[in-house]
2 protein chains.
Amino acid sequence: MARAATTSDAFNAIAEPQRRDILVLLRAGERPVTDLAQELGMTQPRASKHLRVLREVGLVRDRKAGKQRLYGLDARGLRPVHEWTGGFERFWNESFDRLDAYVQDLKQAGQEE
Amino acid sequence: MARAATTSDAFNAIAEPQRRDILVLLRAGERPVTDLAQELGMTQPRASKHLRVLREVGLVRDRKAGKQRLYGLDARGLRPVHEWTGGFERFWNESFDRLDAYVQDLKQAGQEE
DNA sequence: TTGACGCATGCCCATATAGGCATACGATGG
DNA sequence: CCATCGTATGCCTATATGGGCATGCGTCAA
């Protein structure tokens, strides 16, 4: 089996850096495809494809505005990701400070020999 | 170009549900591969492969313990993900409540016709 | 030394990208 | 009705997966 579709959920959709960039830009407000493409230095088809993925997982909304199509942020889908990672907060603060200290000790001991 | 490697960063590594499951299990403490595989109902090779990915992005540490190899959580890599998504917090709380109301209005209007 | 146990790997498959390029499509202006 | 602008798609390629299965390898017990 291949990797899960990027459109399967927000976790997969935001795995791609450029899509994250797009989402960040959209925090400033709605924007047409061409705008985004230019600002991020990517071709228009590329931007459209990324936006499609984002739209399919519901991270982005689009609406027609004359000849243009404006894309806007719908960040609700990011909440599950934030909450899931939040479940590990105490672990990145706590236990590994000690572990690091331990590792440092080992290194120093090695260099002193 | 193909999709970025799952080992390129935490964002990619946690896009796979089974790897998230493994991380969750490891919050309870170190565990050998077989244990994890059984608990998650996956084959041993499969678990090993997922653990390898997690190890390569630094979300997991391993240490030998006799015949066994214990895997332990290193959640620090999840922090960037948590913080990045956190940058959208105000958006999923705020603006789209209004947008939803708007959408609901449209739907109702449509059904009443 | 010989087994057995616990894991990591190698190899093969089917699948789904991300990107480039050309092009089809819908709306607007003449 | 036609040309043009703004986008979305189709097609093709190279790549990397996730999974199955068999097997290599290191460690410990007898």
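Please read these numbers as outputs of a predicted model, since none were measured by experiment.

(A) Examining the relation of the copies chain A and chain B more closely. With an RMSD of 0.0 Å, the operation that places chain A on chain B is a rotation of 180° combined with a shift of 0.0 Å along the axis. Both copies are brought into coincidence by an operation consistent with a two-fold rotation axis. Closest approach to the rotation axis among the C-alpha atoms of chain A is made by H82 of chain A, whose C-alpha sits 2.6 Å away. Interface residue correspondence from chain A to chain B reaches 100%, placing this contact among same-surface, isologous pairings.

(B) View of the interface of chain A and chain B. At the junction of the two partners, chain A supplies 24 residues and chain B supplies 24 residues. Elements that contribute at least two residues to the side of chain A that touches chain B include exactly α1 (10-13), α5 (78-86) and α6 (89-93) of chain A. When residues in the side of chain A that touches chain B are grouped by element, the largest group, seven residues, is from α5 of chain A. Broken down by class, the residue content of the side of chain A that touches chain B amounts to 13 nonpolar, four polar and seven charged.

(C) Spotlight on the protein's contact with DNA strand D. Surveying the vicinity of DNA strand D reveals 29 residues, the closest of which are P32, T34, P45 and S48 of chain A together with A2 of chain B. Those elements that provide at least two residues to the surface near DNA strand D are α3 (33-39), α4 (44-56) and β3 (68-73) of chain A together with α4 (44-56) of chain B. In terms of residues, the surface near DNA strand D owes the most to one element, α4 of chain A, which gives six residues. Of the residues belonging to the surface near DNA strand D, the class tally is eleven nonpolar, nine polar and nine charged.

(D) View of the sheet that holds strand β3 (residues 68-73) of chain B. Residue and element names in this part refer to chain B. Judged by pairing direction, the sheet is antiparallel, and its three strands sit side by side in the order β1-β3-β2 without closing on themselves. Because the sheet does not close on itself, it has two edges, and the strands there are β1 (31-32) and β2 (60-65). Pairing geometry for β2 and β3, over six bridges, is antiparallel. The residue of β3 that forms the bridge with R63 is L70.

(E) Molecular detail of the sheet that holds β3 of chain A. Residue and element names in this part refer to chain A. Taking strand neighbours across the sheet as the criterion, the three strands line up as β1-β3-β2 in an open arrangement whose pairing is antiparallel. Only two strands of the sheet have a single neighbouring strand rather than two, namely β1 (31-32) and β2 (60-65). Along the sheet, helix α2 (residues 17-26) makes contact with β1, β2 and β3, crossing β3 at roughly 90°.

(F) Main features of the UniProt feature "domain: HTH arsR-type" (unreviewed entry) in chain A. The feature "domain: HTH arsR-type" (unreviewed entry), as given by UniProt, occupies residues 1-93 of chain A in the numbering adopted here. Taken end to end, residues 1-93 of chain A comprises 52% helix and 15% strand; its first and last C-alpha atoms sit 36 Å apart.

(G) Here's a closer look at the packing of α2 of chain A against α4 of chain A. All names here are of chain A. Two elements in contact, α2 and α4, have axes separated by 10 Å at closest approach and are oriented at 75°. The angle between α2 and α4 places the two elements in the roughly perpendicular class. Touching Q18, R19 and I22 of α2 are H50, L51, V53 and L54, all from α4. Class assignment for the residues of the contact of α2 with α4 results in four nonpolar, two polar and one charged.

(H) How the structure looks around the confidence of the model for chain A. Residue-level pLDDT values for chain A average 86, and 83% of them are 70 or greater. In the model, residues 101-113 of chain A has pLDDT below 50 throughout and makes zero contacts with residues more than four positions away in sequence or in other chains.

Reading the values: the criteria
Residues numbered from 1 in each chain as written. Chains lettered and ligands numbered in written order. Predicted model: local features only at pLDDT ≥ 70, side-chain atom pairs only at ≥ 80, totals over all residues. Least-squares fit on C-alpha atoms with pLDDT ≥ 70 in both. Contact = placed C-beta atoms within 7 Å. Helix = DSSP H or I, 4+ residues; strand = E, 2+ residues; numbered from the N terminus. Nonpolar A, V, L, I, M, F, W, Y, C, P; charged D, E, K, R; others polar. Near = placed C-beta within 6 Å. Pairing = 2+ DSSP bridges. Axes fitted to C-alpha atoms, helices over the stretch in contact; angles between N-to-C directions. UniProt positions renumbered as here; feature names shortened; annotations may be inferred. Parallel < 35°, antiparallel > 145°, perpendicular 65-115°, else oblique. pLDDT = per-residue confidence, 0-100.

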